[in-house]
Amino acid sequence: MHQAAAPKVSFVSLGCPKALVDSERIITRLRAEGYELARKHDGADLVIVNTCGFLDSAKQESLGAIGEAMAENGKVIVTGCMGAEPEQIEAAYPGVLSITGPQQYESVLDAVHRALPPLHNPHLDLVPPQGIKLTPRHYAYLKISEGCNNRCSFCIIPKLRGDLVSRPANDVLREAEKLVNAGVKELLVISQDTSAYGVDIKYASSPWKDREVRAKFFDLAKELGEFGAWVRLQYVYPYPHVDEVIGLMNQGKVLPYLDIPFQHASPEILKQMKRPAAQDKTLARIKKWREECPELTLRSTFIVGFPGETDSDFAYLLDWLDEAEIDRVGCFKYEPVAGASSNALGNPVHEEIKQQRWDALMARQQKISARRLKRKVGTKQQVIIDEVGPTVSKGRSKADAPQIDGAVYVSSRRPLRIGEIVTAKIERSDEYDLHGSVAGF
């Protein structure tokens, strides 16, 4: 009997780790139904593009990816954040098969089924219990909630993804346990606003093992710390209860790492940005966190050139950076996003000045980063290996999130394995990375 070829789907995933989790869910379902993933658009029966619609530059990248898929294949299904406002896509590419917004897995699968019916073959429909992951096997993103209750004036994510919807604690813990059992060594805890977790479900408890676990940031972090994997907390707004998690870092339950999107320091600009959480006492809190947990690494993002940002607002931000000594910094030049309330603010900052401020902030940050890293020379650091080389391998310390932070280059006499955690003695540092050699396993 002739075996019909499995339908082939090519997949493009753009945007943030939260979109990546959406992609993984869609792919897991497709694989379970017997679809095969193709490496190239050309030769695939269908292309799915998971778009990002956060900034205009991201929209351009998404439109480019859709155009490429249309040119190379012609049968294209669009999903993701840009799909929440389909007009722009329809205008550019009226021939796309379907457009859906973020988290609409069912609609994406329906569109695939319509365009390319599945072959039901129970012998092919085997999918590993942890699903298909787009990240390397040794780390995984764990999405604990969808949407966001904040209304920051520069952001349209709540319009695209809706208000906060938290997952029950036991649901998150079950997924984490499966991942760790499948060999994952590092869990990256993400959502739009990780520390607001559970507020929408009134921190409801759910049964886990022999106990009840509340859907609270601290309680969840504590339980995740019991699996023996690295637990990295990302997108954490500095609400007062974040202070409690520092204790978990000292106990080795979660990594001494906080990713807090401060966005600015000038009280005037923060007010215009409508940022949540009281930011006026931030410096004092950072100082207290560092006293409690000297190992703490802070990562943040900032926006320069926000409407109305004066030279003195910007100078305030630079001074604040010096004092806060944030270890890792990403910086964006303000872009007006269609639908954001900040567009109505007057006093736009000239593009040239935006660029100057961006350059100045990055130069200042480079000095801070180099200074912070220099303190680690001579210390021993645990390093998780991401890429293996003949004599030097590339990994990350507890202070480095994948793809956004620096790296640790480790030389070793014996070949290392991807996903292995080694102890490295740090011998030198530069602006963003550390270099050392394996001191133990």
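As shown above, the structure is provided for reference.
The rules behind these values
Residues numbered from 1 in each chain as written. Predicted model: local features only at pLDDT ≥ 70, side-chain atom pairs only at ≥ 80, totals over all residues. Heavy atoms only, no water. Phe/Tyr/Trp six-rings, centres within 6.5 Å; stacked < 30°, edge-to-face > 60°. Helix = DSSP H or I, 4+ residues; strand = E, 2+ residues; numbered from the N terminus. Lys NZ or Arg CZ within 6 Å of the ring centre and 35° of its normal. Salt bridge = Lys/Arg side-chain N within 4 Å of Asp/Glu carboxyl O. Buried < 20%, exposed > 50% of the residue type's maximum accessible area, 1.4 Å probe, protein only. Contact = heavy atoms within 4.5 Å. Polar contact = N/O pair within 3.5 Å; in protein donor to acceptor, adjacent residues only side chain to side chain. Core = buried A, V, L, I, M, F, W, Y, C linked by side-chain atoms within 4.5 Å. Axes fitted to C-alpha atoms, helices over the stretch in contact; angles between N-to-C directions. Parallel < 35°, antiparallel > 145°, perpendicular 65-115°, else oblique. Left-handed = near helix turned anticlockwise from the far one by under 90°. Nonpolar A, V, L, I, M, F, W, Y, C, P; charged D, E, K, R; others polar. Arc of directions from axis to C-beta.

**Student:** An account of the packing of aromatic side chains is requested, with residue identities and associated values reported.
**Tutor:** In total, this model carries 6 aromatic pairs according to the counting rule given. Aromatic pair Y139 and Y141: ring centres 6.4 Å apart, planes at 90°, arrangement edge-to-face. With a centroid separation of 5.2 Å and 70° between ring planes, the pair formed by F262 and W320 is classed as edge-to-face. Residue F262 is located in the loop between strand 13 (257-259) and helix 9 (267-273), and its partner W320 is located in helix 11 (residues 311-324); the two are separated by 58 residues in the primary sequence. Each residue in the set F154, F306 and Y334 is aromatic and connected to the rest through ring pairs, giving one cluster. Over the aromatic face of Y203 sits the side chain of K216, whose NZ or CZ is 4.4 Å from the ring centroid.

**Student:** Describe the pattern of salt bridges, with residues and values.
**Tutor:** Enumeration according to the criterion identifies 33 salt bridges in this entry. Here R371 and E325 are joined by a salt bridge, their closest N and O atoms 3.2 Å apart. Placement of the pair is R371 in helix 12 (residues 351-374) and E325 in the loop between helix 11 and strand 15 (328-333), with a sequence separation of 46 residues. When its relative accessible area of 14% is taken as the criterion, E325 is described as buried.

**Student:** Quick one: what's the story with the environment of D433, residue by residue and with numbers?
**Tutor:** Along the chain, the position of D433 falls in the loop between strand 19 (421-429) and strand 20 (434-440). The exposure class of D433 is buried, given its relative accessible area of 18%. C-alpha separation for the pair D433 and D405, spaced 28 residues apart in sequence, amounts to 8.8 Å. Other than its neighbours up to four places away in sequence, D433 contacts L373, G406, A407 and Y409. A polar contact is formed between the side chain of D433 and the backbone nitrogen of A407, at a distance of 2.8 Å.

**Student:** Report on unusual backbone geometry, specifying residues and quantitative values.
**Tutor:** Not every positive phi belongs to a glycine, and K202 is a case in point at roughly 50°. Among the structural elements, K202 can be located in the loop between strand 9 (186-190) and strand 10 (205-208).

**Student:** Tell me what's going on with the nonpolar core, and back it up with residues and numbers.
**Tutor:** Membership of the largest hydrophobic core comes to 54 residues, with the highest contact counts inside it found for L224, L233, L258, W289, I326 and L361. Residues within four places of I326 in sequence aside, it is in contact with F262, I286, R290, L298, R299, S300, W320, L321, Q365 and I368.

**Student:** Can you break down the packing of helix 8 (residues 242-250) against helix 10 (residues 282-292) residue by residue, with the values?
**Tutor:** Two elements in contact, helix 8 and helix 10, have axes separated by 10 Å at closest approach and are oriented at 20°. With respect to helix 10, the axis of helix 8 lies roughly parallel. Crossing of helix 8 over helix 10 shows right-handed handedness. Here V242, D243, I246, G247 and N250 of helix 8 come into contact with helix 10, specifically with R285, K288, W289 and E292. For the contact of helix 8 with helix 10, the residue count by class is 3 nonpolar, 2 polar and 4 charged.

**Student:** Lay out helix 4 (residues 105-115) in plain terms, naming residues and giving numbers.
**Tutor:** Where helix 4 is concerned, the buried positions are Y105, V108, L109, A111 and V112. For helix 4, the arc enclosing every buried residue in end-on projection is 160°, short of the 170-degree limit, so these residues lie on one face. On its buried side, helix 4 packs onto helix 1 (17-32), strand 3 (46-51), strand 4 (76-80), strand 5 (98-99) and strand 7 (145-146).

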